[in-house]
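Residue-level structure breakdown
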Amino acid sequence: MKALLLLIVSGILAAGVFIIGKQAGSDQLSPMLVLFWQMSGGALVVWLVSWPSRQFPKWDAMHIRYYLFGGLLGISIPYALAFIVMQELQVGIVGLLTALSPVVTYAIARILRIEEGHPLRLAGLVVGLAGVTLLALPQGNVSSPANGLYMVIAFGIPVSLAASNIYRSRYWPSGSKAMPLVTGMLTVQGAWLLVVNLWLGNLQDGLFVSDDSMWTLALLGLIAGASYMSSFSLLKVGGPVYLSQMGYVITAVTLIAGILIWNEQYDAQDILSMGLILAGVLVTTLTQRVQHRRANAQTLTK
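Model, not experiment: these values are computed from the prediction.

Reading the values: rules and limits
- Residues numbered from 1 in each chain as written.
- Predicted model: local features only at pLDDT ≥ 70, side-chain atom pairs only at ≥ 80, totals over all residues.
- Heavy atoms only, no water.
- Helix = DSSP H or I, 4+ residues; strand = E, 2+ residues; numbered from the N terminus.
- Buried < 20%, exposed > 50% of the residue type's maximum accessible area, 1.4 Å probe, protein only.
- Areas by Shrake-Rupley, 256 points an atom, 1.4 Å probe, with all protein chains shown as cover.
- Contact = heavy atoms within 4.5 Å.
- Core = buried A, V, L, I, M, F, W, Y, C linked by side-chain atoms within 4.5 Å.
- Expected span 1.5 Å × (residues − 1).
- pLDDT = per-residue confidence, 0-100.
- Patch = residues over 30% accessible without salt bridge, like charges linked within 9 Å, V, L, I, M, F, W, Y side chains within 5 Å.
- Salt bridge = Lys/Arg side-chain N within 4 Å of Asp/Glu carboxyl O.
- Phe/Tyr/Trp six-rings, centres within 6.5 Å; stacked < 30°, edge-to-face > 60°.
- Axes fitted to C-alpha atoms, helices over the stretch in contact; angles between N-to-C directions.
- Parallel < 35°, antiparallel > 145°, perpendicular 65-115°, else oblique.
- Left-handed = near helix turned anticlockwise from the far one by under 90°.

Once that is clear, we can look at the overall build of the protein chain. If you tally the helices and strands in the protein chain, you get eleven helices and zero strands. Taken across its 302 residues, the protein chain has 49% of its residues classed as buried. Of the accessible surface of the protein chain, which amounts to about 14,600 Å², a share of 68% is contributed by carbon and sulfur atoms.

Turning to its location among the elements, Ser76 is positioned in helix α3 (residues 61–85). The exposure class assigned to Ser76 is buried, which follows from its relative accessible area of 2%. Dropping the residues within four chain positions of it, Ser76 is found in contact with Leu35, Met39, Gly71, Gln189, Trp192 and Leu193.

Moving on, we get to the nonpolar core. Ranked by size, the top nonpolar core spans 67 residues in total, and within it Phe18 and Tyr79 carry the most contacts. It is helix α1 (residues 2–26) that contributes the most residues to this core, ten residues altogether. Formed by six residues, the second largest nonpolar core is a distinct cluster that contains Tyr66, Tyr67, Leu181 and Val188.

Taking 1.5 Å per residue as the helical rise, α1 with its 25 residues ought to reach 36 Å, and the 36 Å between its terminal C-alpha atoms agrees with that figure. After α1 finishes, the residue Gln28 shows a positive phi value of roughly 65°.

By secondary structure assignment, the location of Ser160 is in helix α7 (residues 145–170). Not counting residues up to four positions away in its chain, the partners in contact with Ser160 are Leu72, Leu73, Ile77 and Pro78.

Chain-level pLDDT for the protein chain is 83 on average; 88% of the residues reach the 70-or-more range. Element-level pLDDT for the protein chain is lowest in helix α11 (residues 268–301), with a mean of 74, against a maximum mean of 93 in α3.

A word on a nonpolar patch on the surface. Taken together, the side chains of Ile256, Ile259, Leu260 and Ile261 present a nonpolar region at the surface, about 420 Å² in accessible area. Of note, Ile261 is situated in helix α10 (residues 246–262).

Taken as a whole, this structure holds ten aromatic pairs when the rule is applied. Note on Phe18 and Tyr79: the rings are 5.4 Å apart at their centroids and 35° apart in plane angle, and the pair reads as tilted. Placement of Phe18 in helix α1 and of Tyr79 in helix α3 is noted, with a sequence separation of 61 residues between them. Here Phe18 and Tyr79 have matching classes, each one buried. Judged by centre distance (5.8 Å) and plane angle (25°), the ring pair of Tyr66 and Tyr167 falls under stacked. Of this pair, Tyr66 sits in helix α3 while Tyr167 sits in helix α7, and the two are 101 residues apart along the sequence.

Attention shifts here to the packing of α1 against α3. Where α1 meets α3, the axes come as close as 9 Å, and the angle between the chain directions of the two elements is 45°. In terms of axis orientation, α1 runs oblique to α3. The crossing of α1 and α3 is right-handed. Residues Ala14, Val17, Phe18 and Gly21 of α1 touch α3, and the partners they reach there are Tyr79, Ala82 and Phe83.

So this is what it looks like as structure tokens:
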């Protein structure tokens, strides 16, 4: 029950980051400025939470490299892409493509020969990618070449998340705990994004363009920090496979928010493509869960 509750809460919080990010874009804020406040606000929250237990990040070369590349692939790049494309695509579509990351992770892992093949997981990959293809057809959600380009960019979100899953698992610093690593990642991402925003001139006229934007960005940082903390707790309780099912909650929440807040509409082809993508993710994650259980059982019997 605890894992299920954490799954729901984590999914809602992660979806909240997308929703508030889209609202910030509607306020004409630069995606890089929005991303900076997401990272710096999230870093502040996790530093405050980790301070009493003194779970501080390490700052040697190996850890800094991990914070930089793990954070880029798993946080900065996917959210930057999301904030860019959400001004042209429905937030529900962006949330849906984010849920595709377990399928893409499996595809990359098979190409790199990290994981063994499995017929059902391969079927899930094919079904999920068929859903993406259907979603990108002109008769569906994409009605112009410009939107087609944004769909291609949006597909970079699950690809980046998948690359992050593989990178963080293969290069996890030996003996390190998740909480200090998350703190280090957010701190490093916030630091380089500060430099980028200074270079782009986003901070020359002040940090905020209006009082409404100030509250939007403050709320974004708070929810982002809570999202990382909740996901960390879910990872400890349910494991990585269970964590990947967060995508279903993210998809549901972003779809509902898009309809209620921005009056987004979806036709029959969109709904069919969504069903294919979610079915592909479901088959892939459930099969992976069964494989992990069998592997653990075989290890215990040896």
